[in-house]
Amino acid sequence: MKLRSRLSCVALFLISLVLTVSCTNPASQVSTQTGSSPAPAEETTVRLGFSACPGWFPWQVAQDEKIFEANKVAVDLKWFDGYLESISTLAAEQIDANSQTLNDTISSVAGGADQVVVLVNDNSTGNDKIIVREGINAIADLKGKKVAAEEGTVDHFLLLLGLEKEGLGPKDITFVPLETGKAAAAFVAGQVDAVGVFAPFTTQALKRPGSKELFSSKDFPGAIPDHLVFTRKFVNEHPSQVQAMVDSWFATLDYMEKNPDRSIEIMAKRAGVYVDEYKDYATGTQIFTIEDNLKAFQPGNSMTSLQFAAEQMSSFLMEVGLAKTKPDLSNLFDNRFIKAYAEKTKKS
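Criteria and cut-off values
Residues numbered from 1 in each chain as written. Predicted model: local features only at pLDDT ≥ 70, side-chain atom pairs only at ≥ 80, totals over all residues. Heavy atoms only, no water. Helix = DSSP H or I, 4+ residues; strand = E, 2+ residues; numbered from the N terminus. Expected span 1.5 Å × (residues − 1). Buried < 20%, exposed > 50% of the residue type's maximum accessible area, 1.4 Å probe, protein only. Contact = heavy atoms within 4.5 Å. Salt bridge = Lys/Arg side-chain N within 4 Å of Asp/Glu carboxyl O. Pairing = 2+ DSSP bridges. Axes fitted to C-alpha atoms, helices over the stretch in contact; angles between N-to-C directions. pLDDT = per-residue confidence, 0-100. 1 Å grid on protein atoms, 1.4 Å probe; cavity = no way out; pocket = protein on both sides within 12 Å on 5 of 7 lines; lining within 4 Å. Points joined across faces, edges and corners; volume = space filled by probe spheres on them. Nonpolar A, V, L, I, M, F, W, Y, C, P; charged D, E, K, R; others polar. Phe/Tyr/Trp six-rings, centres within 6.5 Å; stacked < 30°, edge-to-face > 60°. Lys NZ or Arg CZ within 6 Å of the ring centre and 35° of its normal. Core = buried A, V, L, I, M, F, W, Y, C linked by side-chain atoms within 4.5 Å. Arc of directions from axis to C-beta.

## Re helix α14 (residues 306–319)
Step number 1: In a regular helix each residue adds 1.5 Å, so 14 residues correspond to 20 Å; α14 covers 20 Å between its end C-alpha atoms and thus fits that length.
Step number 2: Of all the residues in α14, the buried ones are L306, A309, A310, M313, S314, F316 and L317.
Step number 3: Among the structural elements, α5 (102–110), β5 (115–124), α6 (154–165), β11 (225–231) and α13 (290–296) are those in contact with the buried residues of α14.

Listed below in structure tokens is the structure:
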């Protein structure tokens, strides 16, 4: 499946580090065409999963520009055509880490997975959208309509947030569960009235004549944060590798700021789109700096605090039936790795 393009201004994207982004069948094959960096002797290789989301494409830059190797960590970078497949593969501990959203991580934890959030990649600020056909002009107009999205993932969550805002619920629509690419295709074919998708599938969905964005993650700040998530077992057994991965992430952001053209070329290729298309996605994602990360891991009373956001998402997922049991969030977040990076850069 050719993937999407998400960025607007190259200058804005790489100077301010703002990207445009939002991000199933566990039996299907995982593509490893992204390659693996050679493993140093007697060192554990990190099996890292990622999928089509502008906030996660920097991992490909890290791979291609040998940033992992520079930080002395061996990485088997695994590309997933289906985002939900990457989530289930991490839950089954067939990989060690994955880039995924907070609410999807909470769903996995509620289902029994033991996972740890060690880094905020980004926040979706418009790359996740609810797109509707001609004639639907307000959220209230969704009542009784067919709406497609990938069940249990971020765009399903965004849809439910929008419905709740207008006093509606899951029973007020006919929900059609489809993998994101298939959901976009069904919408373009006129099989459903609305669809919840993330970039670059937003571009595909908007090809339907008369279609338009009804609302997006921009309307719900902090609702869709994306993270680097490890299994707790790997964090406990290989903390030095986890630290090297966090260090590699920030080294990659530095590289992207200094080499914008090369970075966008790599990310556009991984997304399967033209460079100019990829630039259209930049305002939809806010890439988190180290300062943003340190702040996000602090306690707070708004969605900008991960702990607060996790509690809100946990309650919401229970209310709408996407989580059967309330997950234990007490050990979900581990900020020691970003703190160590911050201390190291302060001294250098």
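From this point, the discussion proceeds with the structure in view.
## Some remarks on the pattern of salt bridges
Step number 1: Taken as a whole and assessed by the stated rule, the structure comprises 12 salt bridges.
Step number 2: A salt bridge links E343 to K346; the shortest N-O distance between them is 3.4 Å. Placement of both E343 and K346 in helix α15 (residues 336–347) is noted, with a separation of 3 residues, approximately one turn of the helix.
Step number 3: Taken together, the salt bridges that share partners define one network made up of E65, R262 and E265.

## A short note on the sheet that holds strand β8 (residues 174–177)
Sheet strands pair via backbone hydrogen bonds, and the direction of the pair is either parallel or antiparallel.
Step number 1: Sheet architecture is open: 5 strands sit in the order β8-β7-β9-β6-β10, paired in mixed fashion. Of all strands in the sheet, those bounded by a partner on one side alone are β8 and β10 (212–216). When the angles between neighbouring strand axes are averaged without regard to direction, this sheet yields 25°.
Step number 2: Along the sheet, helix α7 (residues 180–188) contacts β6 (128–132), β7 (146–149) and β9 (194–198); its crossing angle with β9, the most-contacted strand, is approximately 140°.

## As for the confidence of the model for the protein
In regions of low pLDDT, the predicted coordinates are not meant to be interpreted in detail.
Step number 1: When the pLDDT values of the protein are averaged, the result is 87; 88% of them are 70 or greater.
Step number 2: Per-residue pLDDT stays below 50 along residues 37–42; that stretch engages in 11 contacts with residues further than four places along the chain or on separate chains.

## Here's the deal with the environment of F57
Step number 1: Mapped onto the secondary structure, F57 falls in the loop between β2 (46–51) and α2 (58–64).
Step number 2: Accessibility expressed as a relative area gives 0% for F57, which makes it buried.
Step number 3: Excluding anything up to four places from it in sequence, F57 contacts F50, S51, A52, W79, M267, R270, A271 and Y278.

## Re empty space enclosed by the protein
Step number 1: Of the volumes computed, that of the largest cavity is approximately 50 Å³.
Step number 2: Along the wall of the largest cavity there are 12 residues; nearest its centre are D81, G82, Y83, F198 and F201.
Step number 3: When the residues that make up the lining of the largest cavity are grouped by side-chain class, the tally is 5 nonpolar, 3 polar and 4 charged.

## Let's talk about the packing of aromatic side chains
Step number 1: Applying the stated criterion to the full structure yields 13 aromatic pairs.
Step number 2: For the ring pair W56 and Y83, a centre distance of 5.5 Å and an interplane angle of 35° mean the geometry is tilted. With W56 in the loop between β2 and α2 and Y83 in helix α4 (residues 83–91), this pair connects stretches of sequence that are 27 residues apart. Take W56 and Y83: they sit in the same class, and that class is buried.
Step number 3: Consider the rings of F230 and F234, whose centres lie 5.5 Å apart with planes at 20°: the pair is stacked.
Step number 4: A residue is classified by how much of its surface remains accessible, and F234, at 4% relative accessible area, is buried.
Step number 5: Taken together through their ring pairs, the aromatic side chains of F50, F57, W79 and Y278 make up a single cluster.
Step number 6: Here the guanidinium or amino end of R208 rests over the ring plane of F187, the centre of that ring lying 4.7 Å away.

## Observations regarding the nonpolar core
Step number 1: Ranked by size, the top nonpolar core spans 103 residues in total, and within it W59, L142, F230 and M245 carry the most contacts.
Step number 2: Here the element with the most residues in this core is helix α10 (residues 239–258); it accounts for 9 residues.

## Concerning α15
Step number 1: The end-to-end C-alpha distance of α15, which contains 12 residues, comes to 17 Å, matching closely the 16 Å that a straight helix rising 1.5 Å per residue would cover.
Step number 2: Listed in full, the buried residues belonging to α15 are F337, I338, Y341 and A342. On an axial view of α15, the arc spanned by its buried residues comes to 140°, and they lie on one face. Opposite the buried face of α15, at more than 90 degrees from it, the exposed residues are K346 and K347.

## Focus on unusual backbone geometry
Step number 1: Between A199 and P200 the backbone carries a cis peptide bond, its omega angle lying at 10°.
Step number 2: For P200, the position within the fold is in the loop between β9 and α8 (201–205).
Step number 3: Phi is positive for K66, which is not a glycine, with a value near 60°.
Step number 4: Mapped onto the elements, K66 comes out in the loop between α2 and α3 (67–70).
Step number 5: A relative accessible area of 52% places K66 in the exposed class.
Step number 6: Here the phi dihedral of E93 falls at roughly 60°; this positive angle occurs in a residue that is not glycine.
Step number 7: By the element assignment, E93 lies in the loop between α4 and β4 (97–101).
Step number 8: Given the relative accessible area of 38%, E93 is considered partly exposed.

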